[in-house]
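Structural features, examined
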Amino acid sequence: MDGGWKTDDGIQMVDGDNFRPKCIYVAVMMRRIMDAILNKDAMDDKDYVGNKRLELSGQLISLLFEDLFKSMTTEVKNLTDKMLDKPDKARNFDMSTNIITLGLERTLSTGNFEIKRFRMERKGMTQVLQRLSFIGAMGHMTRVSPQFEKSRKVSGPRALQPSQWGMLCPCDTPEGEACGLVKNLALMTHVTTDEEEGPLISMCYLLGVEDLELLSAEELHTPDSFLVIFNGLILGKHRKPLRFAAAIRKLRRDGKIGEFVSVYVNEKQHCVYLASDGGRVCRPLVIADKGISRIKQHHMKELVDGVRTFDDFLRDGLLEYLDVNEENNALIALYEGDATSETTHIEIEPFTILGVIAGLIPYPHHNQSPRNTYQCAMGKQAMGNIAYNQLRRMDSLLYLLVYPQRPLLTTKTIELVGYDKLGAGQNATVAVMSYSGYDIEDAIVMNKASLDRGFGRCIVMKKYSAVIQKHSNDTSDRILRPNRTADTAGRMQILDDDGIAAPGEILKPFDIYVNKQSPIDTRTPKSGSAANLPDSAYRSNAQSFKGHGGEVIDRVVLCSDKDKNMCIKFLIRHTRRPELGDKFSSRHGQKGVCGTIVQQEDFPFSEKGICPDLIMNPHGFPSRMTVGKMIELLGGKAGVSCGRFHYGSAFGERSGHADKVEAISETLVSKGFNYSGKDFIYSGITGCPLQAYIFMGPIYYQKLKHMVLDKMHARGSGPRVMLTRQPTEGRARNGGLRVGEMERDCLIAYGASMLIYERLMLSSDPFEVQVCTACGLLGYYNHKLKTGICSSCKNGDNISTMKLPYACKLMIQELQSMNIVPRLKLADA
Amino acid sequence: MEGASYARMPRVKIRELKDDYAKFELRDTDASIANALRRVMIAEVPTIAIDLVEIEVNSSVLNDEFIAHRLGLIPLTSERAMSMRFSRDCDACDGDGQCEFCSVEFHLRVKCMTDQTLDVSSKDLYSSDHSVVPVDFSDPAATDSSENRGVIIVKLRRGQELRLRAIARKGIGKDHAKWSPAATVTFMYEPEIHINEDLMETLTLEEKREWVDSSPTRVFDIDPVTQQVMVVDSEAYSYDDEVIKKAEAMGKPGLVEIIAKQDSFIFTVESTGAIKASQLVLNAIEILKQKLDAVRLSEDTVEADDQFGELGAHMRGG
Ligand SMILES: [Zn+2]
Ligand SMILES: [Zn+2]
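Here the structure is a predicted model, which is why all the values come from computation and not from measurement. Along each chain, residue indices are assigned from 1 in the same order as the chain's sequence is written. Each chain is given a letter, starting from A, and each ligand a number, starting from 1, according to the order in which they appear as written. Side-chain atom pairs in this predicted model are given and counted only at pLDDT of 80 or more, local residue features only at pLDDT of at least 70, and totals for whole chains, interfaces and linings cover all residues. No hydrogens and no water enter the side-chain calculation; it runs on all heavy atoms of the structure.

**Overview of the domain arrangement of chain B**
- Domain delimitation in this document rests on an assignment produced automatically or drawn from a domain database. One can read the domain layout of chain B as domain 1 (47-179) and domain 2 (197-254).
- On a C-alpha basis, the centres of domain 1 of chain B and domain 2 of chain B stand 52 Å from each other.

**Focus: the domain arrangement of chain A**
Residue and element names in this part refer to chain A.
- Per the domain assignment, the segments of chain A are domain 1 (282-347), domain 2 (358-457 + 580-703), domain 3 (467-522 + 534-576), domain 4 (713-762) and domain 5 (766-817).
- Relative placement of domain 4 and domain 5: their C-alpha centres are 25 Å apart.
- In what follows, residue pairs with any heavy atoms lying within 4.5 Å of each other are defined as contacts. Listed per partner, the contact involves seven residues of domain 4 and eight residues of domain 5.
- For the domain 4 and domain 5 pair, buried surface summed over both sides reaches about 700 Å², with 68% attributable to carbon and sulfur atoms.
- Ranking the residues of domain 4 by area buried against domain 5 places Leu 723, Arg 725 and Met 761 at the top, with a combined share of 61%.
- Salt bridges, as used here, are contacts in which a Lys or Arg side-chain nitrogen is within 4 Å of a carboxyl oxygen on Asp or Glu. Here domain 4 is connected to domain 5 by zero salt bridges.
- N or O atoms within 3.5 Å of each other form a polar contact, as long as, within protein, one can give a hydrogen and the other can take it, and as long as residues adjacent in sequence are counted only when both atoms are side-chain atoms. The tally of links from domain 4 across to domain 5 stands at zero residue pairs in polar contact (both at pLDDT 80 or more). Two parts placed together each lose some accessible area under a 1.4 Å probe, and adding up what both lose gives the buried area.

**What to know about the packing of helix H14 (residues 627-642) of chain A against helix H15 (residues 661-670) of chain A**
Residues and elements named next belong to chain A.
- In contact at an axis separation of 9 Å, H14 and H15 are set at 40° when each is read in the N-to-C sense. By the angle class used here, H14 and H15 are oblique. Viewed along their axes, H14 and H15 form a crossing whose handedness is left-handed. Residues Ile 631, Leu 634, Gly 635, Lys 637, Ala 638, Ser 641 and Cys 642 of H14 form the contact with H15, whose own contacting residues are Val 661, Ile 664, Thr 667 and Leu 668.
- Amino acids are sorted into nonpolar (Ala, Val, Leu, Ile, Met, Phe, Trp, Tyr, Cys and Pro), charged (Asp, Glu, Lys and Arg) and polar (every other residue, Gly among them). Grouping the constituent residues of the contact of H14 with H15 by class yields seven nonpolar, three polar and one charged. Helix axes are fitted only over the stretch in contact, all axes being lines through C-alpha atoms; the angle between N-to-C directions runs from 0 to 180 degrees. The helix and strand labels rest on DSSP assignments: H or I over at least four residues marks a helix, E over at least two residues marks a strand, and numbering proceeds from the N terminus. Orientation is classified from the angle alone, with under 35 degrees giving roughly parallel, over 145 giving roughly antiparallel, 65 to 115 giving roughly perpendicular, and any other angle giving oblique. Left-handed describes a crossing whose near helix is turned anticlockwise from the far helix by less than a right angle; the clockwise case is right-handed.

**Concerning the sheet that holds strand E8 (residues 161-171) of chain B**
All names here are of chain B.
- We call two strands paired when DSSP finds no fewer than two bridges between them. Spatial ordering of the open sheet is given by E3-E8-E4-E6, a layout of four strands whose pairing is antiparallel. Since the sheet does not close on itself, it has two edges, and those belong to strand E3 (47-58) and strand E6 (126-127), each with one partner.
- Here strand E4 (residues 103-111) pairs with E6 via two bridges, running antiparallel. Residue pairing in the sheet places His 107 in a bridge with Tyr 126 of E6.
- The strands touched by helix H2 (residues 64-72) are E3 and E8; relative to E3, the strand with the most contacts, the crossing angle is about 155°.

Rendered as structure tokens:
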């Protein structure tokens, strides 16, 4: 057993003085280079998924552990050496270090993997799992992030690769800079882990691989013999590569070797590639013998009866995992009926090429492709149920829907992932028509009665915490029983006698939710008992609530933080009904805000008495081409009228996982509706019939987490930045709304100079300065003499008073500090 | 008192009347009156619904607002509502909304003591006024009491408890849908169907059947004896134009003529149970009258002419 070892980088290593394997390896490399020069087709594609490896947490952690373990051993050795140098060797020797604990903790909490030993320096390797929605969490766990930086302007790695078929979702990728680089796994993808190489190598030799050591030059170049490469390492040659590959596949199907070992015969390169390394993506396929599926009817019956599981199919050699390379040796039929005698495998189901998130879209194959991508980004922002334990969790932010529903139009993926149990949306009856003009630009008109009855109602849970700090001088913060007679009593009404707000209390803005006091002096060590400080030694540090009002304290939790300080956590709940400007979206990348809320009696109604929950403008359809949404409406309408959930799995019409429009129309007609899903509708305002038939039916609508209440902002006067005395920026700091360069340009072009003067100076940072007309420098105002004085001319003769933006005065002084003298030259206007 | 009279004498014919369902014809009037009646039924007929909830103990899985919202949507029998006061203009309690003239108090005290899930329903709500109670949906014919629980509010497991006081007040559907007594109010124009018999006779039996089947609803049928196409149920027609399109496609335009009668309406009224469907219609008419009286009361004022213009003149004239 020789020739088979390599360095950490996977390069052939030299065994003693024997350079022969290395020479051959280099020669093969050179041959490949020359091939590539002569023939561009022989060039490897770096975007080909078969040439890529995913790194999983196990690999990364094991690398980190190896590094830390080696650091620890050297540390222990150093300690021991130091110890042994000392005269009293018999002393108790403590060699415990916490290098591994600290190192793991630091790396996992910062996410920065800096492993010098392996020349690894990566940022953002750990992420906090998105828990804002169930689907968001699922999507996050299937995400694949690239290593290299996102700024490169190449299109190659961003483009859809044919080899990612079935392995990576073609729809689910973010928009913007990471577009196409960040990917998501498809529904059935498995990422391999490392497998022991030794036994596999010896098995290869037993199956007739000839060691290169034993071959003469002539034998090396026998035309029909193939080079056997195992995990990037040349094992030897084989005279009958196809038989060799078949033998390995047989062993794999019999379960004698791991199910994720792949063999791939490359005719062009005269090579057989074996792979057992970790990080390859692979997917299960049904094995077919000469085009006949190995899975028979009785197997499926056993599966339905629950006698047989997926793993049994694998163990019995009915299914197998193929990686991207081995797929090149397979001829895969989409359906059993399409199989010919050459077919080696049959797809399990076509909808599995999509990932978890794209799998939620009904009829995605009828939509314009970018719409599905938009929905993949939006599905993660939808509110609903996030987990079964959602009400026992203490997330810093949680959005829940009060009445989440399961979609009327489901897909197989929805059932497989459990979205039907943890839904994030509601089935709204939608009328596609124009109404009132408040529905332009994708805005939707909502029925007030529907909102009254709970449509789109959501719960926002926010966590606030208060820490009872222990200070360096043994003093500590304290919580005080509220003084019911003090001036602040009004703000302390929600407090219990323990000084902490009680669950169930309704909060008003500026209510105190924890009556905390801090010692004034936290530095100087106290003599005697630190606990018995007088009341005068404390100042109030009460935390007051900054919200909208109407929030309720859901839960109060007492715990200790990592520094062993007592920590009080408040979960504050806010129930909100939809309001103007809240964002909604269907499952087809069609987002829109609520444009207006209309009384039910003004809403259109059909003679059956159906009144929509929502009105969507028909202009949303022609340019978006979301035909899937129309079919969802039809299917949903048929679903409610016949009492059966309809399916819309991707590409599912042929296999019965998606209802066909013809069948849906038939159901509609049998229930007394028009086959096209259109209804004859009366105006609720006039009582007259509308001029057109209206396309109306249920569509699953998601409420997205972007709500007006969290965003709306306006300010008259307010806080200013210390340095420049200009208004602060941003909603969180109650900031001003900036008149930017472009707005300024418009005002200049229009000639509204006084408006510019007002916006840019009077409403921002006006400042009165004393300017010396003689020297042009800024002076100051002497309050005693009641005149301005120029400190450079040492008099006040030529001072004139003027207004300047404070930022300008600041710049003049900053320039002066750099030995640049800006002088103001004043003239009469 | 001059000028043409616009007054008409609408006629009502009741077709079907149940406690929570009514179907009637409204004739000799126009869409404005029919629609006004519909709108008033949905939005302005008062009922009583729970409006204020004081929660004493709530250890259930649903939060306080959630339960309060669910309580509000429970329909309460509201025969009293028309004579009750709105709490905002109740003198007895200064608009506080807590006195007997404008409110009804409810209590709910439930605790689950067994390992079985306990359904808290509207039947657990105890009213201070026996005339205002949660609507009983149970079928009087069915005797199985375990099946006939009311509207489910929340489910409790062992040890969980719900204790609250609720105040029900009078209100209208315009303010909140919980006060709307109407589950469905809708009307349709009565269709008038004329079959061109001469043209119809030019069709073969096969063609006739094909034409009859083209309607998604069963409007036409073929007489098994005479083999003539006849109208079975003209009101089943949903104005879908399918038969007309079919006739055109068969090369026989004008085979059938369907017009919506502009002065006849067929109303369907379904009540939530708060008041009887018949009472709902009567109350709606009463409120409509009151609204018109409000207009008429200000008939002499100049503002009335500004506000109502020609309508004011009509009121005086008519
Ligand atoms: Zn000067
Ligand atoms: Zn009162």
